[in-house]
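Here are the chains, one letter per residue:
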Amino acid sequence: MTLTSSSLEIEAAPGADSESLSESAPTSGRRLVHAFVKDWAAVLSSAYIVLIILMALAAPLLARITGWGPYEFDQGAIDPNMGAIPIGPAGGISAEHWFGVEPGSGRDIFVRIAYGAQVSMAVALSATVITTVIGTVLGMLAGYFGGIIDTIISRVMEFMMAFPALIFMIAILSALPSDNRIVLLVVVISLFGWPYLARIVRGQTLSIKEREFVEAAKASGAGSARIIFREILPNITSTILVMAALAVPGYVGTEAGLSFLGVGVVPPTPSWGQMIASAAPWYAVDPMYFVFPGAFLFLLVLSFVTLGDRVRAILVSGETRA
Amino acid sequence: MIRYITGRVLGMVVVLFLVTLFTYAIFFLLSPDPAAQICGKNCTPELIDQIRTNLGLDQPFWTQFFTYVGGLFTGRTFMVAGAPVDCAAPCLGYSFQTSQLVGDMIVQRLPISVTIALGAAVLWVLAGLVTGVLSAAKEGAFVDRFFAGLTLTAMSIPNYVLALVLQFVLVVALGWLPFPQAVSFTDDPGRWFLNFLMPWVVLAAGYAATYTRLTRANVIETLQENFVRTARAKGLAPALVWRRHALRPALTPIVTIFGLDLAGLLGGALITEKVFGLNGVGKLTADSIAANDQPVIMAVTLLSAVFVIVGILVVDLLYSVIDPRVRTGGAQ
């Protein structure tokens, strides 16, 4: 799923054709929660996501508990005579270093994973919020007002989507100075991410705009702002929710991919993608160094994808039943 | 139709111009001074000034930009260490770091990227369509749920992680496959296939998953259409219902996505090439980014944009041929 521009678009398609989302009355929240709790895939993946969020929040605490900071070198845990590979089985896993240590430096992998979770979550969630807000606002403006506003917004969207996003993200990131990479990553990912959501929202707005209750609101003298926020927005919230949920794993993967390519988070700040990149030359002698960040990243993306998928399924079935 | 195509091509030119402008502006505004880069270690302020004049870096932005665009159409000449280097149109610039014309560097590496992209495309289309149709035919059954799980996994595994895992298992641990090298097809087709197999699988996995899901959704939706029900009701053999009525409309939207995906990859599968060390355009991009070789990054960005934009146009035109329901610019 990582970094393929089409994946976002393809994910967008099912959200778009599930017009039943907007066609029926809003569902009761309680019934959705009930359906959600009974869905083991949804429960498991949200549990993993919560775990990672807690890990990210508690990273400094975890560093204190294990006694190793994310930048601390442990020369005692690596063997200088063996090319600095970790001492002990499975990449130096021990009571002191729960996930072992990095070959070469002896930094604690567990603590670095926890700090890497901070980067992953901060970037993906901020980018999701930003793209959702921009995409919703611009999509609704284009869909509701039409005419010149629609033309301008639609052209800009097409322009952004015609861009080779990955190469361009890399180009921008490699050219920019590296002061605050996390903010920079969020900005760049959001810049190329919003059109996919905006396009769907525009389409939904176009169809809802023609419905009777909007006509009724117009006839009773409601202003544009009122119609957009009180009549149209509540009817597309579930679509937006699904789109946002499906966007998160894309952004997690993009951040990791950019860091893997060396244009994301700069060392020594840990990020999962960057850890995988630095583990690559070692994978034959010390596979565990690669396994931990690889597995954490894979499971996080999988959890978000599954969660988005299940939420969509529950919303669709829940609303058609209602 | 002709008017429609003309309009589309004009729009394409505008978008390409904007992409060029945008990319150039970003490098102009943000990049470190290329003159200082070229100058290297034994550098004096006079030398830097001289290089700047040689490269035209002392000119204002618009002059530099139009020199670049002019080079694309008419070619230009670079002064390298006192000797002129001719760069024929379309001139994509000169990489001072590698002392090569950017166009030549790309042309040398394009075959590998195209091999990787096309091979992967064949793989993911086959895998995606077959599993998608199967899942749709057996909706809700074990096969369907198995493929659903598999596609979620394939979508979620970052391709560099998959690449490293496959490499470890198939090359290091089991020794079934060679470490991928760019073997030429004409030298040894068997070795060519084995060497490219892993890159193809890695690149195709994510795409195959999305194609499976898309195919499944489209086929299921089409099977509920009235014309399929009619065909069944009038007693058409199931195989014919599938072939003539269900599959064609279900698969046409996939042509659109396929065109765009393939176009996006022709400019180089960056991560796959980098992980396997295959010397294609993607690896060139990655290397140039690491070395901050701006002319190359600029050229690759442009090239990819051309592929994508031309791809969109081709797909739109093809689509109106394949799907009789879409007739653009006809007599309405």
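As the structure is a prediction and not an experimental result, all values here were calculated from the model. (Residues numbered from 1 in each chain as written. Chains lettered and ligands numbered in written order. Predicted model: local features only at pLDDT ≥ 70, side-chain atom pairs only at ≥ 80, totals over all residues.)

So, on to the overall build of chain B. What chain B contains, in helices and strands, is 13 helices and 4 strands. Across its three principal axes, chain B shows a C-alpha extent of roughly 85 × 65 × 35 Å. Residue burial in chain B is summarised as follows: out of 332 residues, 37% are buried. Considering only contacts within chain B whose residues lie at least 6 apart along the sequence, 63% involve residues at least 24 apart. (Helix = DSSP H or I, 4+ residues; strand = E, 2+ residues; numbered from the N terminus. Buried ≥ 20, exposed ≤ 12 C-beta atoms within 10 Å, placed from the backbone. Contact = placed C-beta atoms within 7 Å.)

What follows deals with the overall build of chain A. From N to C terminus, chain A includes 14 helices and 2 strands. For chain A, contacts bridging at least 24 residues in sequence account for 74% of all contacts bridging at least 6.

Think of two packed helices as two axes; the pair is described by the angle between the axes and how far apart they sit. All names here are of chain A. The geometry of helix α8 (residues 147-162) relative to helix α10 (residues 181-209) is characterised by a closest axis approach of 9 Å and an angle of 130° between their N-to-C directions. Here α8 is positioned oblique relative to α10, judged by the angle of their axes. Seen from above, α8 lies across α10 with left-handed handedness. Taking contact as the criterion, the partners of Met-157, Met-160 and Met-161 in α8 are, on α10, Phe-192, Pro-195, Ala-198 and Arg-199. Its residues placed into classes, the contact of α8 with α10 shows 6 nonpolar, no polar and 1 charged. (Axes fitted to C-alpha atoms, helices over the stretch in contact; angles between N-to-C directions. Parallel < 35°, antiparallel > 145°, perpendicular 65-115°, else oblique. Left-handed = near helix turned anticlockwise from the far one by under 90°. Nonpolar A, V, L, I, M, F, W, Y, C, P; charged D, E, K, R; others polar.)

Let us look at the domain arrangement of chain B. The domain architecture assigned to chain B consists of domain 1 (34-91) and domain 2 (108-326). One C-alpha centre belongs to domain 1 of chain B, the other to domain 2 of chain B, and the line joining them spans 40 Å. (Domains from an automatic or database assignment.)

Once that is clear, we can look at the environment of Cys91(B). All names here are of chain B. Its location among the elements puts Cys-91 in the loop between β2 (83-87) and β3 (94-95). Cys-91 sits 195 residues away from Ala-286 along the chain, and the two C-alpha atoms are 21 Å apart. In this structure Cys-91 touches Gly-71, Leu-72, Gly-75, Arg-76 and Gly-103, once residues within four positions along its chain are discounted.

Moving on to the confidence of the model for chain A. Residue and element names in this part refer to chain A. Of the residues in chain A, 86% reach a pLDDT of 70 or more, and the chain-wide mean stands at 80. When mean pLDDT is compared element by element in chain A, helix α7 (residues 109-145) scores highest at 91, while helix α1 (residues 5-17) scores lowest at 40. Taken together, the stretch residues 1-26 has pLDDT below 50 and engages in 73 contacts with residues farther than four places along the chain or on a different chain. (pLDDT = per-residue confidence, 0-100.)

This brings us to the nonpolar core. Generally speaking, nonpolar side chains in soluble globular proteins are found buried as a group. Within the largest apolar cluster, 168 residues are counted, with the highest numbers of intra-cluster contacts made by Ala114(A), Met169(A) and Ile170(A). Apart from the residues within four sequence positions on either side, Met169(A) is in contact with Val188(A), Phe192(A) and Leu258(A). (Core = buried A, V, L, I, M, F, W, Y, C linked by C-beta atoms within 7 Å.)

Let us look at helix α13 (residues 272-279) of chain A. When you tally the buried positions in α13(A), you get 7 out of 8 residues, the bulk of the element. Along α13(A), the positions that sit buried rather than exposed are Trp272(A), Gly273(A), Gln274(A), Met275(A), Ile276(A), Ala277(A) and Ala279(A).

A few words on the interface of chain B and chain A. One widely used convention gives an interface's size as the accessible area the parts lose upon coming together. Taken together, the contact pairs 45 residues of chain B with 45 residues of chain A. Where the side of chain B that touches chain A is concerned, the elements lending two or more residues are α1 (2-30), α6 (142-156), α7 (159-173), α8 (189-223), α10 (238-266), α11 (270-276), α12 (281-291) and α13 (294-322) of chain B. With 8 residues, α13(B) is the single largest residue contributor to the side of chain B that touches chain A. Broken down by class, the residue content of the side of chain B that touches chain A amounts to 31 nonpolar, 13 polar and 1 charged.

A separate point is the packing of helix α5 (residues 102-137) of chain B against α12(B). Residues and elements named next belong to chain B. Two elements in contact, α5 and α12, have axes separated by 7 Å at closest approach and are oriented at 130°. As judged from the angle between their axes, α5 and α12 are oblique. For the pair formed by α5 and α12, the contact residues are Met-105, Ile-106, Arg-109, Leu-110 and Ser-113 on the first element and Val-281, Gly-282 and Leu-284 on the second. Broken down by class, the residue content of the contact of α5 with α12 amounts to 5 nonpolar, 2 polar and 1 charged.

Quick look at the environment of Thr285(B) now. One can find Thr285(B) in helix α12. Each C-alpha atom of the pair Thr285(B) and Gln224(B) lies 46 Å from the other, and the pair is 61 residues apart in sequence.

Interpretation of this model should avoid reading the predicted coordinates in detail wherever pLDDT is low. Residue and element names in this part refer to chain B. Within chain B, residue pLDDT values average 81, and 91% of them lie at 70 or more. Considering only residues more than four positions removed or in separate chains, one finds that residues 328-332, a stretch of pLDDT under 50, has 5 contacts. Two numbers describe this predicted complex: its pTM, 0.82, and its ipTM, 0.79.

Here we come to unusual backbone geometry. The omega torsion across Pro267(A) and Pro268(A) is 10°, close enough to zero to call that bond cis. Note that Pro268(A) resides in the loop between α12 (224-260) and α13.

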